[in-house]
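# Tertiary structure, described
Here's the letter readout for the chains.
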Amino acid sequence: MTMTETQIERALRQGAPAHDPQAAAAAAQRVALAAGRDGVADLAYSVIPSPLGELAGVRSRRGLVCLHYRPERVDDLLERLASRLSPRIVESPARLDDVRRELDEYFSGRRRDFDVPIDWSLTRGFSQRVLRETARIPFGRVATYTQVATRAGSPRAVRAAGNALASNPIPIVVPCHRVLRTGGGLGGYAGGLERKEELLALEGVALG
């Protein structure tokens, strides 16, 4: 079972007096905070505000493993992570403080490179090589799908590179928005082309 705060709360409510749901909720919050603080959970998540909308950030013991554009679907995300990585998940904003701070600095124009450690556990093989190469594209610069595929070791695997970028689990920090079609077309973006345009504009990239 995924150890989310809501499930902890539900379990505590089952053993709490029916007339005191607020006490059960408070107890659940204390359990979740303690688990996050003490590192009991393998994964910690938090909803992070940004100019592009709220993001769901997930961190493992090794680093940032996921940054999701749709926090309203966080339960689905946590279930997938529970099956792929670990069911020991807890909501812990404190464990993502550095991610939140660096994103704030990036969006305010005070940061060009992210220093948070990355956990590549959700990627494998060629897809991981594509994303690692993408992470090396400097702020304000762009590359093409063909260039990224070539740097990842398979120049003909342009479509596979596109698929890897489309499923990038850590957008923004791993800047797949900096990869364009040959000729300058935007290509795709899991967060939507409007967000891709906004990120490129933030970095001073002129399109078209």
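Here is a short report on the structure shown in this document. What you see is a predicted model; the values in this text were computed from it and never measured.

## Some words on the overall build of the protein chain
- A count of helical and extended segments in the protein chain gives 8 helices and 6 strands.
- Traced from its N-terminal end to its C-terminal end, the protein chain shows the element sequence α-α-β-β-β-α-β-α-α-β-α-α-β-α.
- A total of 208 residues make up the protein chain; the buried ones form 48% of that total.
- Within the protein chain, contacts between residues at least 6 apart in sequence are counted, and of these 59% link residues at least 24 apart.
- For the protein chain, the exposed surface amounts to about 10700 Å²; the carbon and sulfur share of it is 49%.

## Examining the sheet that holds strand β3 (residues 64-68)
- If you trace the 4 strands from one edge of the open sheet to the other, you get β3-β2-β1-β4, paired in mixed fashion. Pairing within the sheet leaves two strands with one partner each, and these edge strands are β3 and β4 (89-91). The average angle at which neighbouring strand axes cross in this sheet is 20°, direction not considered.
- The pairing of strand β1 (residues 43-48) with strand β2 (residues 55-60) spans 6 bridges and is antiparallel. Within β2, the position partnered with Ala44 by the bridge is Arg59.
- Across the sheet, helix α3 (residues 74-84) is in contact with β1, β2, β3 and β4; its angle to β2 comes to roughly 20°.
- Lying over the sheet, helix α4 (residues 97-107) contacts β1, β2 and β3, oriented at roughly 35° with respect to β1.

## A short note on the nonpolar core
- In this structure, Leu67, Leu103, Val130, Ile172 and Leu199 are the most contacted members of the largest nonpolar core, which totals 36 residues.
- At the level of elements, β1, β3, α4, α5 (125-134), α6 (145-151) and α7 (158-166) are the ones that each hand at least two residues to this core.
- Here this core takes 4 residues from α4, the largest share from any one element.
- The contact partners of Leu67, leaving out residues within four places of it in the chain, are Ile48, Leu55, Ala56, Gly57, Leu103, Pro169, Ile170, Pro171, Ile172 and Val173.
- Core analysis: the next-biggest nonpolar cluster, separate from the first, contains 13 residues, Tyr45, Val65, Cys66 and Leu77 among them.

## Structural notes on the packing of aromatic side chains
- In the structure shown here, the tally under the stated rule is 4 aromatic pairs.
- Between Tyr106 and Phe114 the ring centres are 5.3 Å apart and the planes differ by 40°, which places this aromatic pair in the tilted class.
- Residue Tyr106 is classed as buried on the basis of its relative accessible area, which comes to 0%.
- Their ring planes at 80° and their centres at 6.2 Å tell us that Tyr106 and Phe139 sit as a pair that is edge-to-face. With Tyr106 in helix α4 and Phe139 in the loop between α5 and β5 (143-144), this pair connects stretches of sequence that are 33 residues apart.
- Classification of Phe139 as buried rests on a relative accessible area of 16%.
- Linked through ring pairs, Tyr106, Phe107, Phe114 and Phe139 together constitute an aromatic cluster.

## Brief notes about unusual backbone geometry
- One non-glycine residue, Ile172, adopts positive backbone phi at about 75°.
- Here Ile172 lies in the loop between α7 and β6 (179-180).

## Quick notes on α4
- Taken across its 11 residues, α4 has 8 buried, putting it largely inside the fold.
- Regarding α4, the residues found buried are Asp98, Val99, Arg100, Glu102, Leu103, Glu105, Tyr106 and Phe107.
- In this structure, the buried residues of α4 make contact with β1, β2, β3 and α8 (193-202).
- At the C-terminal side of α4, Gly109 shows a positive phi close to 80°.

Conventions we followed
Residues numbered from 1 in each chain as written. Predicted model: local features only at pLDDT ≥ 70, side-chain atom pairs only at ≥ 80, totals over all residues. Heavy atoms only, no water. Helix = DSSP H or I, 4+ residues; strand = E, 2+ residues; numbered from the N terminus. Buried < 20%, exposed > 50% of the residue type's maximum accessible area, 1.4 Å probe, protein only. Contact = heavy atoms within 4.5 Å. Areas by Shrake-Rupley, 256 points an atom, 1.4 Å probe, with all protein chains shown as cover. Pairing = 2+ DSSP bridges. Axes fitted to C-alpha atoms, helices over the stretch in contact; angles between N-to-C directions. Core = buried A, V, L, I, M, F, W, Y, C linked by side-chain atoms within 4.5 Å. Phe/Tyr/Trp six-rings, centres within 6.5 Å; stacked < 30°, edge-to-face > 60°.

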